[in-house]
Amino acid sequence: MNLILGIETSCDETAAALYCPRDGLLAHAVFSQVAEHAPYGGVVPELASRDHVRKLTPLVRRVAAESGVALSDLDGVGWTRGPGLPGALMVGAAFGRTLAWGLGIPSVGVHHMEAHLLAPMLEPDPPEPPFVALLVSGGHTMLVQVAAFGRYRVLGESVDDAAGEAFDKTARLLGLDYPGGPAVARLAAEGRPSAVTLPRPMTTKPGLDFSFSGLKTAVLHAVQESDGGPGSRADIAHEFQEAVVDTLVIKSRRALDRTGCRRLIVAGGVGANARLRERLTEEAAERGFTVHYPRLELCTDNAAMVAYTGYRRLAAGFRDDMDFSVRPRWQLSELAPPVV
Ligand code: KG4
Ligand code: ZN
């Protein structure tokens, strides 16, 4: 197993990557559909599927050309099986499975959150399990205990909105463009600390679950009570970001204490947030644990993480048969562990 193609089409990014276990990541390319969906204020599933159809072949060609390899050199294909938008997933599934069939090589459907979780493995000096993973994306907020590759225990997760979703909804309330996370972070940098107060949901209760929908409602009230000017919008963005970051830091610390792990990895789109990285790095230095992040472009959706996860799963003996299926809803806890 020397050359693996990864394909990601679960939401609004089309991505392809080539991974080689000996040389690491050879190339990865992402086409973001942001401009396509921006006029609608969010992802339109049908448009996403159509765009994946248009962009996937050129992206695969591009990563092959950049790596100087031919598709006939491939040994395996990993594609995102779920969770995600059904039609969007089908595009990557059909493409990946058909390409593998044509080449007579194995393919495997990858869990998108396992892929996010393994993204830090693509960095120099990758963390060795056991560790705790804080997965913060647009659809999921989770703390996961990782005993070994494929052995995951979900310690806590969001009971309602995910952290990324809260960023996106707050952006809308503040009149910012989709996607909201980076836009809120930019506005937050102009806000004054503690000019408004928002709750840190579920941090005073024991446990490792999250809830962000109350915070979103609190943002709505803060917007209604404000004068609506740029200064007060920036103050709200600042406090919102602090509230989310505080919550994620408190729960991550609690998960490390509870499991006795001294390593934390952070992945998923919200993991690109500079304030979250800054706070966790400070916390790690103070409390004597290590924290690992993928580079920014591997925090948000990409196919490098899918190629790597595909490689790990194929190497562990996982294979798709011709009767492939997508899993738009798929819990990480349902994922089959490798047989050792
Ligand atoms: O992991 P991801 O790319 O896609 C999913 O699998 O959902 O995460 C996307 C989410 C979006 O909600 C986006 O607003 C958020 O990550 N995000 C950020 C930042 N960059 C992306 N949130 C906060 N700060 C950022 N810098
Ligand atoms: Zn994702």
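Predicted, not measured: the structure shown is a model, and the values here were computed from it. (Residues numbered from 1 in each chain as written. Chains lettered and ligands numbered in written order. Predicted model: local features only at pLDDT ≥ 70, side-chain atom pairs only at ≥ 80, totals over all residues. Heavy atoms only, no water.)

A. Up close: the pairing of strand 4 (residues 76–82). A large share of strand 4 lies buried, amounting to 7 of its 7 residues. Pairing of strand 1 (residues 4–8) with strand 4 involves 4 bridges; the strand directions are parallel. Across the sheet, the residue bridging to Leu-5 is Val-77, located in strand 4. Two strands pair when backbone bridges link them, and strand 4 and strand 5 (residues 107–111) are joined in this way by 5 bridges, in the parallel orientation. (Buried < 20%, exposed > 50% of the residue type's maximum accessible area, 1.4 Å probe, protein only. Helix = DSSP H or I, 4+ residues; strand = E, 2+ residues; numbered from the N terminus. Pairing = 2+ DSSP bridges.)

B. Summary view of the coordination of the zinc ion (ligand 2). Donor atoms from the polypeptide that coordinate the zinc ion (ligand 2) comprise His-112 (NE2), His-116 (NE2) and Asp-301 (OD), at 2.0 Å from the metal. Here the zinc ion (ligand 2) binds 4 donor atoms, and the angle range of 94 to 140° at the metal identifies the geometry as irregular. Between consecutive donors of the zinc ion (ligand 2), the numbers of intervening residues give the motif H-x3-H-x184-D. One end of the pair, His-116, is in helix 4 (residues 112–118); the other, Asp-301, is in the loop between strand 10 (290–292) and helix 10 (304–315), with 185 residues separating them in the sequence. Comparing His-116 with Asp-301, the two get one shared label, buried. (Donors = N, O, S within 2.8 Å, 3.2 Å for Na, K, Ca; no water. Tetrahedral: all angles 85-135°; square planar, octahedral: opposite > 155°, others 65-115°.)

C. Representation of the nonpolar core within the structure. Core analysis: the largest hydrophobic core is formed by 42 residues, its most contacted members being Leu-134, Phe-240, Leu-264, Val-266 and Leu-280. Among the secondary structure elements, those contributing two or more residues to this core are strand 6 (131–136), helix 5 (163–173), helix 6 (180–188), helix 7 (213–225), helix 8 (230–259), strand 9 (263–267) and helix 9 (274–287). With 11 residues, helix 8 is the single largest residue contributor to this core. In contact with Leu-280, other than residues within four places in its own chain, are Leu-134, Val-249, Ser-252, Leu-264, Val-266, Phe-289, Val-291 and Tyr-293. Among the nonpolar cores identified, the runner-up in size contains 28 residues, and Met-113, Ala-133, Ala-303 and Ala-304 belong to it. (Core = buried A, V, L, I, M, F, W, Y, C linked by side-chain atoms within 4.5 Å. Contact = heavy atoms within 4.5 Å.)

D. Molecular detail of the sheet that holds strand 4. Spatial ordering of the open sheet is given by 3-2-1-4-5, a layout of 5 strands whose pairing is mixed. Of all strands in the sheet, those with a lone pairing partner are strand 3 (24–32) and strand 5, marking the two edges. On average, each strand axis in the sheet is inclined to that of its neighbour by 20°, with strand direction left out of account. Sitting on the sheet, helix 2 (residues 45–67) touches strand 1, strand 2 (13–20) and strand 3, and the angle it makes with strand 2 is about 25°. Here helix 3 (residues 86–103) sits on the sheet and contacts strand 1, strand 4 and strand 5; the angle it forms with strand 4, its principal contact strand, is near 160°. (Axes fitted to C-alpha atoms, helices over the stretch in contact; angles between N-to-C directions.)

E. Layout of the site of ligand 1. Among the 18 residues in the neighbourhood of ligand 1, the closest are listed as Gly-138, Asp-168, Gly-181, Gly-269 and Asn-273. Between ligand 1 and the protein, one listed contact pairs an oxygen atom with a side-chain N or O atom of Asp-168 at 2.7 Å. Residue Asn-273 places a side-chain N or O atom 3.0 Å away from a nitrogen atom belonging to ligand 1. Protein coverage of the free-state accessible area of ligand 1, which is 550 Å², stands at 86%. (Near = heavy atom within 4 Å. Polar contact = N/O pair within 3.5 Å; in protein donor to acceptor, adjacent residues only side chain to side chain. Areas by Shrake-Rupley, 256 points an atom, 1.4 Å probe, with all protein chains shown as cover.)

F. Layout of the domain arrangement of the chain. Segmenting the chain into domains produces domain 1 (4–118 + 298–334) and domain 2 (129–293). For domain 1 and domain 2, the distance between their C-alpha centres works out to 27 Å. Together domain 1 and domain 2 conceal approximately 1,700 Å² of surface at their shared face, both sides included; 72% is due to carbon and sulfur atoms. Together, Met-113, Leu-117 and Cys-299 form the three largest contributors to the area buried by domain 1 at its contact with domain 2, with a combined 37%. For the interface between domain 1 and domain 2, the tally reads 0 salt bridges. Those elements giving two or more residues to the side of domain 1 that touches domain 2 turn out to be helix 1 (34–37), helix 4 and helix 10. At 5 residues, helix 4 tops the list of elements feeding residues into the side of domain 1 that touches domain 2. When the residues that make up the side of domain 1 that touches domain 2 are grouped by side-chain class, the tally is 10 nonpolar, 6 polar and 4 charged. (Domains from an automatic or database assignment. Buried area = accessible area lost by both parts, 1.4 Å probe. Salt bridge = Lys/Arg side-chain N within 4 Å of Asp/Glu carboxyl O. Nonpolar A, V, L, I, M, F, W, Y, C, P; charged D, E, K, R; others polar.)

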